[in-house]
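Structural characterization, general
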Amino acid sequence: MKILVVGGGGREHAVIKKFKENKEVEEIFALPGNGGIAKDAKCVDIGATDIEKIVDFAVKESIDYAVVTPDDPLVLGCVNALEEKGIPCFGPRAEAAIIEGSKAFSKELMKKYGIPTAEFRTFDNLEKALSYVETCPIPTVVKADGLALGKGVIIAQTREEAKSALISMMQDKAFGKSGDTVVIEEFLTGPEVSVLAFTDGKTVKPMVSSMDHKRIGDGDKGLNTGGMGTIAPNPYYSEAIAERCMKEIFIPTIEAMNKEGRTFKGCLYFGLMITENGPKVIEYNCRFGDPETQVVLPLLESDLLEIMQAVTNGSLDECEVKFSDKKACCVIMASRGYPVKYGKGYEITIPEDIQDRVFVAGAKLENEKLLTNGGRVLGVTEIRKTLREAIEASYKDVERINFENAYFRKDIGAKALLAEV
Ligand code: AMP
Ligand code: GLY
């Protein structure tokens, strides 16, 4: 089989490595891939949002199956365009990807169908939004409606902060059109859990839960990033909570999307907060999380391609989705200065014996040397019987990987270890 993967981050590298376990897979193309992915797939210099070129390439190469993992091509209708040419795909169509593409849409969906989430108001008028935050409970959360590279959420501790967030989004267009509409929501507290779930629109099969570490600094301090590390499973996600989530959130969401005529097929990501009043949805993503995928897929014992094809064919109910009961930890190595300003072009050395556990994100190949080329450079995942062992093993690997100005958090998994006892 010839497989095409759209994207070029650590998440796509994890998907591609998993595909290589399947004997049917003969060739994998990554569009655009990256310097590290180039070891495992043929990288083609076509951007993940260049839908016309992606479709032309897929047709020309007679691709048997395409997997679209990043948010923007999904929201832009990459799956629709591929399907129109008869290419079977994994990933939601644009009508369903809106669940991530518009926070106003997803909040209204949850309200309409009684899915637990933070109380909220939606505004497309700056004056009205400013006047609302004069009196709303504080802290409050200001969110840009559209995609904003994970940066469109401001937790405002004061009214002044809320106002400047609104001005920056709605007037100064910090996130372009994504901030034309904003959602202002109730500030919730509690541990956060990420649950990725396969769904074919009828059956939903959740993957092992995980915990992201979004802030740049130890102790969850500093700016939000794309994610600085993950562990799985998440110790806060007990069996009782999982049962409630299935009944109160997962199934109702799939049914709600069907009722709206927006059947979701692919991987639906539930960003949850376990509050005093039960689990609530913080956000939906229409795709695998990054770096959640880098801990979840290494624990998957069933065949990824078979599951994805079952999602496409609507036969997920007959397909086994089995996970190991081991624990995983992924530590992200970034370039110092990320998520603001950082240098590029530093040579990366990765010892041969740990290459298979390294998922490369921001790197390019030049004269056969792997050079840094982005903020989050790579992630290294280890799997062990206990979480503590997995964390220790990941950090041992990190010590053996070198590039100038490397930065990583020292406390990935620390909070989870506290929750375990
Ligand atoms: P998001 O980009 O929607 O995942 O939001 C980024 C982060 O902001 C989340 O992981 C939460 O830590 C935090 N956050 C978002 N919404 C809320 C909320 N309603 N209450 C408290 N924290 C929130
Ligand atoms: N790790 C969070 C995300 O993928 O959006």
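Look up: the structure comes first, before these words.
First things first, this report covers the structure right here in the doc. (Residues numbered from 1 in each chain as written. Chains lettered and ligands numbered in written order. Predicted model: local features only at pLDDT ≥ 70, side-chain atom pairs only at ≥ 80, totals over all residues. Heavy atoms only, no water.)

On to the site of ligand 1, then. Every one of the 15 residues lining ligand 1 counts as a neighbour, but Glu185, Glu186, Leu188, Glu192 and Glu283 are closest to it. Contacts to ligand 1 include Glu185, whose side-chain N or O atom sits 2.7 Å from a nitrogen atom. At a separation of 2.8 Å, a nitrogen atom of ligand 1 approaches a polar backbone atom of Leu188. Notes on ligand 1: free accessible area 480 Å², of which the protein chains cover 91%. Listed by contribution, the elements that provide at least two residues to the shell around ligand 1 are strand S7 (140–144), strand S8 (153–156), strand S9 (182–186) and strand S17 (278–285). Broken down by class, the residue content of the shell around ligand 1 amounts to eight nonpolar, no polar and seven charged. (Near = heavy atom within 4 Å. Polar contact = N/O pair within 3.5 Å; in protein donor to acceptor, adjacent residues only side chain to side chain. Areas by Shrake-Rupley, 256 points an atom, 1.4 Å probe, with all protein chains shown as cover. Helix = DSSP H or I, 4+ residues; strand = E, 2+ residues; numbered from the N terminus. Nonpolar A, V, L, I, M, F, W, Y, C, P; charged D, E, K, R; others polar.)

The next point concerns the sheet that holds strand S1 (residues 2–7). On the basis of which strands lie adjacent, the open sheet formed by five strands has the order S3-S2-S1-S4-S5 and parallel pairing. At either margin of the open sheet sits one strand with a lone partner, and together these are strand S3 (42–43) and strand S5 (89–90). As defined by bridge partners, strand S2 (residues 27–32) adjoins S3 across two bridges and the pair is classed as parallel. Bridging from a neighbouring strand, Phe29 pairs with Lys42 of S3. Sitting on the sheet, helix H1 (residues 10–19) is in contact with S1, S2 and strand S4 (65–68), with an inclination near 165 degrees to S1. Where helix H2 (residues 51–60) meets the sheet, its contacts fall on S1 and S2, and the angle it forms with S1 comes to roughly 170 degrees. (Pairing = 2+ DSSP bridges. Contact = heavy atoms within 4.5 Å. Axes fitted to C-alpha atoms, helices over the stretch in contact; angles between N-to-C directions.)

The subject of this paragraph is the site of ligand 2. The immediate surroundings of ligand 2 are formed by Asp212, Gly226, Tyr269, Asn285, Arg287, Gly289, Asp290, Pro291 and Glu292. Separating an oxygen atom of ligand 2 from a side-chain N or O atom of Arg287 is a distance of 2.9 Å. Contact between ligand 2 and Glu292: a nitrogen atom at 2.8 Å from a side-chain N or O atom of the residue. In isolation ligand 2 has 200 Å² of accessible area, and contact with the protein removes 88% of it.

Moving on, we get to the packing of helix H6 (residues 103–113) against helix H9 (residues 239–259). Their axes nearest at 10 Å, the elements H6 and H9 cross at an angle of 105 degrees. In terms of their interaxial angle, H6 and H9 are classed as roughly perpendicular. When H6 is examined against H9, the residues Phe105, Leu109 and Tyr113 are found in contact with a partner set consisting of Ala256, Met257 and Lys259. Of the residues assigned to the contact of H6 with H9, the class counts are five nonpolar, no polar and one charged. (Parallel < 35°, antiparallel > 145°, perpendicular 65-115°, else oblique.)

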